[in-house]
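Residues per chain, in single letters:
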Amino acid sequence: MAQSLIDIGKSGLTAAQYGLSTTGNNISNASTAGYSREVVEYAEANGQNLGAGYLGRGVNVVTVQRQYADYLNQQLNKAIAQGGTLSTYNTQAQQLNTIVSDPTAGITTQLTTLNTGLSTVANNPQDTAARQAAIGNMQSLVSQFNEMTSEFNDVRQNVNTQLVSAVSQVNQLSAQIASLNKQIVISQGTSNGQAPNQLLDQRDAAVTQLSQLVGATTTNNADGSINVQIGNGQSLVNGQFSYNLTTTPSATDTSELEVAYQVTNSSGVTTNIPLAESTLSTGTIGGLFQFRSQTLDPQERALGNIAVTMGTLMNQQNEAGVTLTGAQGGALFNVAQPAVTPGTANTGAATVSAIYGGSTLSQLTGDNYTLTYAGGGNYTLQDTTTNAAPVTIAATPNTTGTGSTINVDGLQIAISTNPAVGDSFQIQSDTRSAGATLSVAVSQASDIAAGSPQATAASGTANTGSGALTVTSPPAQYYTGAMMQGVVTATVNAGGTTMDFTQGTTGDATPDVTVTVNGVSTTYPAPPTNVPITAGATYNVGGVTFTMAGTPAAGDTYTLTAQPFGPSDNTNALAMANVLQAKTMGNQTFAGAYSTFVGAIGDAESTTNTANQAQTTLVSQVTQAQQSVSGVNLDEEATNMMTYEQMYQANSKVIQAAGTIFDAIIGIQN
């Protein structure tokens, strides 16, 4: 009996020691990240049948149980992954907003300065100092575009660097989780299935870190290991094996990195399989992708659209004017044009080129496209930047009878002849780098075409008909070809229904003539002959537009004369200043478009900051719920410590009583 009592007391002491050790361990790790509170589980020992009933034999320690709720941990990891997304996005947006928010160095300031400079030229067109200052203003504007685009590209490179770092950390954590899986399986196998709590805590902590990077999900295996998946189910960890990610240049834009899944076949050959950005939507990696695709790329493209549109329209306006030396104006800015690459499977002989401009310039997107010939003069146009549904568009045959043209989304696409059905052409018109490549094309003060060409019309003195020619468009706009110079004579042919145009003894070669009737234009290339005389038609000769009234007679002549240059003419300088203030970008001025651009970046920072704060609150709430199960409560542990101390003391008394009884029995026997 005494021995049984000693065994009972001994089991109680052992149980108390387990309790004290476990409680002490909880207290020691109260501030340890990832630690899960442990609790000793006890069970009554099997009793001894003494005939008169079963006599208790003390207590057994079943296990030291980790306090863990898988559901709460999954919720917490999901919340942390989304928090990683928003925190990363917001940090990058803050950096971008800092670049564009300086009110003294923005594009708007430089646009205003250039407008003032051109106005000063208009006030005194012969002042070479004012002209040179205006060129300096152009250079300052270009420098601002160059610098800002360069800073955007630096941010893009920083995103690439962070992607490389994040992927490296993902691979390290995946390998760590696989290694812990192996240790856990071995430990459970050599301890009769007892859970190695410390290893489990380490594995959970690694999964949480992984979730913050890439948004991982887990599934449990029967042997105690776990599997980890990302994206659309790509396996990072499968039991005791881990798989790597890597970064590779994007197939559509080598300046940007994408994440790829590495697969190694039985021969040891590794293949990189790119993962769609949309499948990696959470964690640090998801935040970097979302920032790049939703803010960085589109806003740099918006900046490039401003640069392209401004440069193109200013070039067109300067080309419509007369320089200080009396020559036709040229381009003020160098604007890089789209590149067109024919498909490798093309069978037709058509060549395609594209420039920024045309009637849709205000609708410029700055995207890349694939143009595919569908037959019958119709094409399908696929925006490969947005991957929007392809649209069908008809090409307009050129009035010369050769080739056709498509004006769409700010592009003027020239097609030499109909391609073979199915032939395709890649149009690289992405404007993100436009701000970096923009430069000033002029250096001499005289290159600014401040004046406008003028022309007068006169009827021949020997005319017998009643026809009268009237110039309707000085100053003219010269978007294509050279302006008319010198004297151009129109002679009515026999029958009085057509005219031939010839150049006088001065000026350049005879320009083309374009006849427009009811909105339909036909161009007669130089030397223009048999040009029809049609009531209500307008005629354009080298940029000079005129109309014919009355009925001309055969042999009648009419002359168009380019007037001598007037150095004090300021009409085109005023027109250039007006370009900077006109609503040429949709329904916005350049300054308005830039303000929208800055506002969009500010909105991205503000929105992600608000969402990030809300997510931080959610993470805190889920953490509290998870810690209510797994966290250490020092007050509770202090109570447990006292309980186990008393338990230890009481069981010591049991052993002491057993000793006293044993001594008494020995004394009786003696």
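Residues numbered from 1 in each chain as written. Predicted model: local features only at pLDDT ≥ 70, side-chain atom pairs only at ≥ 80, totals over all residues. Heavy atoms only, no water.

### Here we look at the overall build of the protein
Logical step 1: On a plain count of helices and strands, the protein comes out with 10 helices and 32 strands.
Logical step 2: Over its C-alpha atoms the protein spans a radius of gyration of 41 Å, topping by over 25% the 26 Å that the globule rule assigns to 670 residues.
Logical step 3: Overall, the protein is about 165 × 55 × 40 Å in size when its C-alpha atoms are taken along their principal axes.
Logical step 4: Taking contacts inside the protein between residues at least 6 apart in sequence as the whole, the part at least 24 apart equals 68%. (Helix = DSSP H or I, 4+ residues; strand = E, 2+ residues; numbered from the N terminus. Rg over C-alpha atoms; globule rule 2.2 N^0.38 Å. Contact = heavy atoms within 4.5 Å.)

### Focus: unusual backbone geometry
Logical step 1: Following Ala 526, the chain continues to Pro 527 via a peptide bond in cis, the omega torsion being -5 degrees.
Logical step 2: In this fold, Pro 527 is placed in the loop between strand S28 (520–524) and strand S29 (531–532).
Logical step 3: For Asp 409, which is not a glycine, the phi torsion comes out positive at approximately 50 degrees.
Logical step 4: For Asn 530, which is not a glycine, the phi torsion comes out positive at approximately 55 degrees.
Logical step 5: Secondary-structure assignment places Asn 530 in the loop between S28 and S29.

### With respect to the sheet that holds strand S15 (residues 369–375)
Logical step 1: The strand order S13-S21-S15-S16-S17 describes an open sheet built from 5 strands, whose pairing is antiparallel. Two strands lie at the open edges of the sheet, namely strand S13 (339–342) and strand S17 (391–394), each paired on one side alone. When strand polarity is set aside, the average angle formed by the axes of neighbouring strands in this sheet is 30 degrees.
Logical step 2: Taken together, the 6 bridges between S15 and strand S16 (residues 378–383) define a ladder with antiparallel strand orientation. Bridging across to S16, Thr 372 finds its partner in Thr 380. (Pairing = 2+ DSSP bridges. Axes fitted to C-alpha atoms, helices over the stretch in contact; angles between N-to-C directions.)

### What about the sheet that holds strand S6 (residues 226–230)?
Logical step 1: Taken together, the 4 strands give an open sheet; going across it, the order is S5-S6-S7-S8, and neighbouring strands pair in antiparallel fashion. Edge strands, defined here as strands with exactly one partner in the open sheet, are strand S5 (217–220) and strand S8 (241–242).
Logical step 2: Pairing analysis gives 4 bridges linking S6 to strand S7 (residues 234–238), with the strands arranged antiparallel. Each bridged residue has a counterpart across the sheet, and for Val 228 the counterpart in S7 is Val 237.
Logical step 3: Most of the contacts of helix H4 (residues 128–189) go to S7, to which it runs at about 45 degrees, and overall it touches S6, S7 and S8.

### Some thoughts on the environment of Val 442
Logical step 1: Tracing the chain through its elements places Val 442 in the loop between strand S22 (439–440) and strand S23 (455–459).
Logical step 2: Take Val 442: its relative accessible area is 10%, and that puts it in the buried class.
Logical step 3: Between the alpha carbons of Val 442 and Pro 528 there is a distance of 34 Å; along the sequence they are 86 residues apart.
Logical step 4: For Val 442, the residues in contact, after removing those within four places along its chain, are Ile 135, Ala 331, Leu 332 and Asp 447. (Buried < 20%, exposed > 50% of the residue type's maximum accessible area, 1.4 Å probe, protein only.)

### Section: the packing of aromatic side chains
Logical step 1: For the structure on display, the rule yields 6 aromatic pairs.
Logical step 2: With 5.1 Å between their ring centres and 10 degrees between their planes, Tyr 539 and Phe 546 make a pair best called stacked. Across this residue pair, the class does not change: Tyr 539 and Phe 546 are buried.
Logical step 3: In this arrangement the basic side chain of Arg 66 is found over the ring face of Tyr 68, its NZ or CZ atom lying 4.3 Å from the centre. (Phe/Tyr/Trp six-rings, centres within 6.5 Å; stacked < 30°, edge-to-face > 60°. Lys NZ or Arg CZ within 6 Å of the ring centre and 35° of its normal.)

### Re the pattern of salt bridges
Logical step 1: This model, assessed by the stated rule, comprises 14 salt bridges.
Logical step 2: With a shortest N-O distance of 3.2 Å, Arg 432 and Glu 256 are connected by a salt bridge. Of this pair, Arg 432 sits in the loop between strand S21 (424–428) and helix H7 (434–437) while Glu 256 sits in the loop between strand S9 (245–249) and strand S10 (257–264), and the two are 176 residues apart along the sequence.
Logical step 3: Taking relative accessible area as the criterion, Arg 432 reaches 12% and is therefore assigned buried.
Logical step 4: In this structure, Arg 301 and Asp 367 form a salt bridge, with 3.7 Å as the shortest nitrogen-oxygen distance. Taken as a pair, Arg 301 in helix H6 (residues 283–319) and Asp 367 in the loop between strand S14 (352–356) and S15 lie far apart in primary sequence, 66 residues in all. Asp 367 carries the same exposure label as Arg 301, and that label is buried. (Salt bridge = Lys/Arg side-chain N within 4 Å of Asp/Glu carboxyl O.)

### What to know about helix H5 (residues 197–214)
Logical step 1: A rise of 1.5 Å per residue sets the reference length of H5, with its 18 residues, at 26 Å; its end C-alpha atoms lie 26 Å apart and thus fit the reference within 8%.
Logical step 2: Burial in H5 covers these residues: Asn 197, Leu 199, Leu 200, Asp 201, Arg 203, Asp 204, Ala 206, Val 207, Leu 210, Ser 211, Leu 213 and Val 214. (Expected span 1.5 Å × (residues − 1).)

### Some points on the packing of H4 against H5
Logical step 1: Viewed as axis vectors pointing N to C, H4 and H5 meet at an angle of 155 degrees, and their least axial separation amounts to 9 Å. Looking at the two axes, H4 sits roughly antiparallel to H5. The two elements H4 and H5 meet at a crossing, and its hand is left-handed. In this structure, H4 contributes Ala 166, Gln 169, Val 170, Leu 173, Ser 174, Gln 176, Ile 177, Leu 180, Asn 181, Gln 183, Ile 184 and Ser 187 to the contact, and H5 contributes Leu 199, Leu 200, Gln 202, Arg 203, Ala 206, Val 207, Gln 209, Leu 210, Leu 213 and Val 214.
Logical step 2: Looking at the contact of H4 with H5 residue by residue, the class counts come to 13 nonpolar, 8 polar and 1 charged. (Parallel < 35°, antiparallel > 145°, perpendicular 65-115°, else oblique. Left-handed = near helix turned anticlockwise from the far one by under 90°. Nonpolar A, V, L, I, M, F, W, Y, C, P; charged D, E, K, R; others polar.)

### Observations regarding the side chain of Thr 545
Logical step 1: Position of Thr 545 among the secondary structure elements: in strand S31 (residues 544–549).
Logical step 2: For Thr 545, the side chain forms a polar contact with the side chain of Asn 540, separated by 3.0 Å. (Polar contact = N/O pair within 3.5 Å; in protein donor to acceptor, adjacent residues only side chain to side chain.)

### A short note on the nonpolar core
Logical step 1: Of all hydrophobic cores here, the largest spans 98 residues; its most connected members are Ile 285, Met 310, Phe 333 and Ile 413.
Logical step 2: Top element by residues in this core is H4. It accounts for 18 residues.
Logical step 3: Within the second largest apolar cluster, 20 residues are counted, among which are Val 488, Ala 537, Phe 546 and Leu 560. (Core = buried A, V, L, I, M, F, W, Y, C linked by side-chain atoms within 4.5 Å.)

### What about the confidence of the model for the protein?
Logical step 1: Taken over all residues, the pLDDT of the protein has a mean of 89, while the share at 70 or more is 96%.
Logical step 2: Counting interchain partners and residues more than four positions distant, the pLDDT-below-50 stretch residues 475–481 has 21 contacts. (pLDDT = per-residue confidence, 0-100.)

### Here's the deal with the pairing of S16
The side chains of a regular strand alternate between the sheet's two faces.
Logical step 1: Every second residue of S16 is oriented toward a common face, the buried set being Tyr 379, Leu 381 and Asp 383 and the non-buried set Asn 378, Thr 380 and Gln 382.
Logical step 2: Here S15 folds back onto S16, and the loop between the two strands holds 2 residues, one of which, Gly 376, carries a positive phi near 65 degrees.

### Let's talk about the packing of helix H2 (residues 70–100) against H5
Logical step 1: Relative to each other, H2 and H5 sit at 35 degrees, their axes nearing to 7 Å. Viewed along their axes, H2 and H5 form a crossing whose handedness is right-handed. For the pair formed by H2 and H5, the contact residues are Asn 73, Asn 77, Ile 80, Ala 81 and Gly 84 on the first element and Asp 204, Val 207, Thr 208, Ser 211 and Gln 212 on the second.
Logical step 2: By residue class, the composition of the contact of H2 with H5 is 3 nonpolar, 6 polar and 1 charged.

### Some thoughts on the environment of Ala 30
Logical step 1: Its place among the elements puts Ala 30 in the loop between helix H1 (2–28) and strand S1 (38–44).
Logical step 2: With a relative accessible area of 31%, Ala 30 lands in the partly exposed category.
Logical step 3: Expressed as a C-alpha distance, the spacing of Ala 30 and Leu 634, which sit 604 residues apart in the sequence, is 7.5 Å.
Logical step 4: Ignoring anything within four residues of it in the chain, the contact list for Ala 30 reads Val 632 and Leu 634.

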